[in-house]
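Structural characterization, general
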Amino acid sequence: MRRSTFGAVLTLTAWSAVLLLFPAASRAGNWPGWRGPTGVGWTDEKDLPLSWNGKTGENVVWKVPLAGTTGHSSPIVWGDRVFITTAAKQTRQQEEKKEIPEHHLVCFQASDGKLVWRTPIPPGKMVEGYNIYAVPTPVTDGRAVYCWFGSAVMAAVDFEGKLLWRKEREGPFLQNPNLLNPGICSSPALYQDTVILQFNQGRGQGYVQAVDKKTGEVKWEQKQVKGGPCNTAPLVLDVRGKPQLIVAESEVLRGLDPAGGEPIWWCKGWGFGASPAYAAGLLYTEKGNEPAQLVDPTGQGDVTATHVKWKVAKMPGDYASPIIVGEYIYKIQKEGVVACLKLATGEPVFTGELEGVSKLASPVATADGRLYFVSTGRSYVIKAALALEVLGTGDLRGSGNGSSPAVSGGRIFIRDFDFLYCLGKKP
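Please read these numbers as outputs of a predicted model, since none were measured by experiment.

Before going further, it helps to examine the overall build of the protein. Scanning the protein for helices and strands turns up three helices and 35 strands. Relative to a compact globule of 427 residues, whose C-alpha radius of gyration would be 22 Å, the protein shows 20 Å and is just as compact. Taken over 427 residues, the protein has a buried fraction of 61%. Taking contacts inside the protein between residues at least 6 apart in sequence as the whole, the part at least 24 apart equals 57%. Here the protein has roughly 16600 Å² of accessible surface; of this, 51% comes from carbon and sulfur atoms.

Next up, the structure:
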């Protein structure tokens, strides 16, 4: 197969749209929420480290212990602050008693990992169990951090660690794992003065809400159309100069007006673990081992017959979200396997083995043509090209439990239950 010479260079048009929607975050090199300032895993960072080693300390700038806690949420970064959510680790007996553990938002210095503060968030009433109370990644606007936990409680905390408000979301929350699987996992997004929450469960009892950043009160709500559990994150895009909120549910894909929640367009869709990918004005969604499709989000009303560019009946995949670079889609197909597809058609370009690469952690594309598949276990850096070319590897010898990386200031931040790591080039 012919090798490509193209790199993952973001177009001027793409980054202009990013700057319009996230001006402060983009200019400062911050990583303010799930999958960064764009919500799709792009970064304008270059020359990040190509290798690291947990045993020798190679390119491990610092690591701090998180003993006694759990959390699948990813780190976020603003300036010299790194934030993560945690929940106290439970015993099997505590889970069987349906006890709800303590929740926390924790702040560290990005430069050296020093603990700045640790703010407790009184939990809500939703019983999860199985160490998944701290799954949604928090989000920040540089003034406050907004957290959404598995016990169905939401909170805002300022940069000094002061709890600004706390609100329990209304249910009902279905306890059947087939109807709420595996629990509350979707990460919030920001739009102007609101925090967007997506919560999908069976029997059509989910919703999308816009919550006032200052008070936590609901400003608007759209009910889940139909379908079952889904853990994708809401995505705010610039579509032809107008903001649009993308909501990928288990059976429906929708574009909403983020100001009031009114539907702009909709079509049949499939979603569960992987969040949408977007580039070049096109939206890619998939549900692992079920259908995948590419949609033009510029339509109105039911666009099933007019704006669906292609559909593949069965696309291998899992929880890790895909990423679009240039004219190609890159994704983890299953544990240890990476795949590349043509954006225009969905046709496979290549599949290749990356032994031990996590099926849970979502990739990051840098501006110098690299793709970073990072967890606290085995990690890989590959070239954004038409054949698999490994540029570097890393292994922190951790559990690789599902967190995705944050990138800021030439460094990579990643966590598991045991440690929060900062990776960067060391002399």
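Having seen it, we continue.
The next subject is the confidence of the model for the protein. Of all residues in the protein, 93% have pLDDT values of 70 or greater, and the mean over the chain is 91. Low confidence marks residues 1–28, where pLDDT is under 50. Its contacts with residues over four positions away, or in another chain, come to 58 contacts.

We now examine the sheet that holds strand β2 (residues 60–65). Strand order in the open sheet formed by four strands is β2-β35-β34-β33, and the pairing between neighbours is antiparallel. One side of each edge strand has no neighbouring strand; the edge strands of this open sheet are β2 and β33 (406–408). Going across the sheet, the axis of each strand differs from the next one's by a mean of 15°, ignoring polarity. When β2 meets strand β35 (residues 419–423), the two strands line up antiparallel, connected through five bridges. Each residue of the ladder has a partner; that of P65, found in β35, is F419.

Before going further, it helps to examine the environment of I382. Mapped onto the secondary structure, I382 falls in strand β31 (residues 378–383). We classify I382 as buried; its relative accessible area is 0%. When the C-alpha positions of I382 and D368 are compared, they lie 11 Å apart, and in sequence the two are 14 residues distant. In contact with I382, not counting residues within four places along its chain, are V338, L354, G369, R370, L371, F373, L388, E389, V390 and L391.

What the four strands build is an open sheet, ordered β12-β13-β14-β15; its pairing is antiparallel. Edge strands, defined here as strands with exactly one partner in the open sheet, are β12 (189–191) and β15 (218–223). Between one strand axis and the next, the sheet turns through 25° on average, direction left out of account. The sheet contact formed by strand β13 (residues 194–199) and strand β14 (residues 207–212) spans six bridges and is antiparallel. The residue of β14 that forms the bridge with L197 is Q209.

Criteria and thresholds
- Residues numbered from 1 in each chain as written.
- Predicted model: local features only at pLDDT ≥ 70, side-chain atom pairs only at ≥ 80, totals over all residues.
- Heavy atoms only, no water.
- Helix = DSSP H or I, 4+ residues; strand = E, 2+ residues; numbered from the N terminus.
- Rg over C-alpha atoms; globule rule 2.2 N^0.38 Å.
- Buried < 20%, exposed > 50% of the residue type's maximum accessible area, 1.4 Å probe, protein only.
- Contact = heavy atoms within 4.5 Å.
- Areas by Shrake-Rupley, 256 points an atom, 1.4 Å probe, with all protein chains shown as cover.
- pLDDT = per-residue confidence, 0-100.
- Pairing = 2+ DSSP bridges.
- Axes fitted to C-alpha atoms, helices over the stretch in contact; angles between N-to-C directions.

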